[in-house]
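Summary of structural features
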Amino acid sequence: MAEHKNRSLDGTDRALLKLLRADARASGSALAATLGVAESTVSLRMRRLQSDGYILGYHADIDVAALGSTVQALIAIRLVKHVRDDVEAFRRAAPHWPGVLNFFHMGGADDYLLHIAARSASDVRDFMLTHLAAHPAVMHTQTNLVFEHVAGTGLDDLL
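What this report covers is the structure whose coordinates are included nearby. (Residues numbered from 1 in each chain as written. Predicted model: local features only at pLDDT ≥ 70, side-chain atom pairs only at ≥ 80, totals over all residues. Heavy atoms only, no water.)

Things to note about the pairing of strand E3 (residues 112-118)
To keep things clear, this is the line we draw: A 1.4 Å probe rolled over the protein chains alone gives each residue an accessible area, and that area as a share of the maximum for its type sets the label: buried under 20%, exposed over 50%, partly exposed in between. Strands here mean DSSP runs of E at least two residues long; helices mean DSSP runs of H or I at least four residues long; both are numbered from the N terminus. Strand pairing follows a simple DSSP-based rule, namely that at least 2 bridges must link the two strands.
The buried count for E3 comes to six of seven residues, which makes it a mostly enclosed element. Alignment of strand E1 (residues 71-79) against E3, held across seven bridges, turns out to be antiparallel. For Val 71, the partnering residue across the bridge sits in E3 and is Ala 118. With five bridges joining them, strand E2 (residues 100-105) and E3 adopt antiparallel strand pairing. Following the sheet pairing, His 105 is matched in E3 by Tyr 112. Counting the residues that bridge the hairpin from E2 to E3 gives six residues, and of these Gly 108 lies at a positive phi of roughly 120°.

Structural data, given as structure tokens:
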């Protein structure tokens, strides 16, 4: 994650972030018209929000099921021990394993949480055997299948 500079966001910055969250492909002129500001103001503010670390990137929201990965799972992982080299080796490898959508370093009983997509339950099993059971740093895993994912609106509360 990029670190943002300590600069408060004003109402226009927050409104711009809300608009981009709803449609990151909106044109500068459309954003300017909605905000009631000049297009150059939108351009300047977007550059500043990016350089300050508020905007981390622009992404397409892709349906993994449409690509054939109809099974998703959340896998909680506990490591054997917390030796820096072992933890770093796991941290470098896991986000790049096939099907990993998200990778979280956790505090609490579990050390990491993987969000994966697979074509079938047997592919989830194969993922577990190939990547987690075989990894020397992994002590324990717990897999939960995802039946539905609904994005929360919590970010809206922060804006």
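Text resumes after the structure shown.
Points about the packing of aromatic side chains
Where we set the bar: Note on ring pairs: Phe, Tyr and Trp rings are taken, using the six-membered ring of Trp, and paired if centres are within 6.5 Å. Classes follow the plane angle, with under 30 degrees stacked, over 60 edge-to-face and the rest tilted.
One pass over the structure, following the stated rule, counts five aromatic pairs. Taking 5.7 Å as the distance between ring centres and 80° as the angle between the ring planes, the aromatic pair formed by Phe 90 and Trp 97 counts as edge-to-face. Pair check on accessibility: Phe 90 and Trp 97 agree, each one buried. Ring plane angle 50° and centroid distance 5.1 Å describe the contact between Phe 90 and Tyr 112, whose orientation is recorded as tilted. Highlighted residues: Phe 90 in helix H4 (residues 84-93) and Tyr 112 in strand E3, separated in sequence by 22 residues. Each member of the pair Phe 90 and Tyr 112 is classed as buried.

Here we look at the sheet that holds strand E4 (residues 138-146)
Applied cut-off: Axis definition: a line fitted to C-alpha atoms, over the contacting stretch in the case of helices. Angles run 0 to 180 degrees between N-to-C directions. Every residue pair with non-hydrogen atoms within 4.5 Å of one another is taken to be in contact.
The sheet built from four strands is open, its strands ordered E2-E3-E1-E4 with antiparallel pairing. If you trace the sheet from one side to the other, it starts and ends with E2 and E4, each paired once. Averaged over all pairs of adjacent strands, the angle between their axes in this sheet comes to 20°, without regard to strand direction. In the packing of helix H5 (residues 121-132) onto the sheet, contacts are made with E1, E2, E3 and E4, and the angle to E1 comes to roughly 25°.

Observations regarding the nonpolar core
Applicable threshold: Within this scheme, the nonpolar core is defined by two criteria: the residues are buried Ala, Val, Leu, Ile, Met, Phe, Trp, Tyr or Cys, and they are joined through side-chain atoms within 4.5 Å.
Formed by 20 residues in total, the largest nonpolar core has its most connected members in Ile 75, Ile 77, Phe 90, Leu 114 and Leu 132. Per-element tally for this core: the top contributor is E1, with five residues. With near-sequence residues (within four places) excluded, Leu 132 lies in contact with Ile 75, Ile 77, Phe 90, Trp 97, Leu 114, Phe 127, Val 138 and Thr 141. Core analysis: the second largest hydrophobic core is formed by eleven residues, Leu 9, Val 42, Leu 49 and Ile 55 among them.

Let's talk about the layout of surface pockets
Quick note on the threshold: Note on definitions: the grid is 1 Å and covers protein atoms alone; a cavity is a set of points where a 1.4 Å probe fits but cannot get out; a pocket is an open set with protein on both sides within 12 Å along at least five of seven lines; lining residues have an atom within 4 Å of a point. Grid points are joined across faces, edges and corners, and a volume is the space filled by probe spheres set on the points.
Taken as a whole, the largest pocket encloses approximately 1,600 Å³ of empty space. What lines the largest pocket is a set of 41 residues, among which Arg 21, His 59, Asp 61, Ala 151 and Leu 155 lie closest to the centre. When residues of the lining of the largest pocket are traced back to their parent elements, those giving at least two are helix H1 (11-22), E1, E2, E3 and helix H6 (154-158). For the lining of the largest pocket, the element with the most residues is H1, which contributes five residues.

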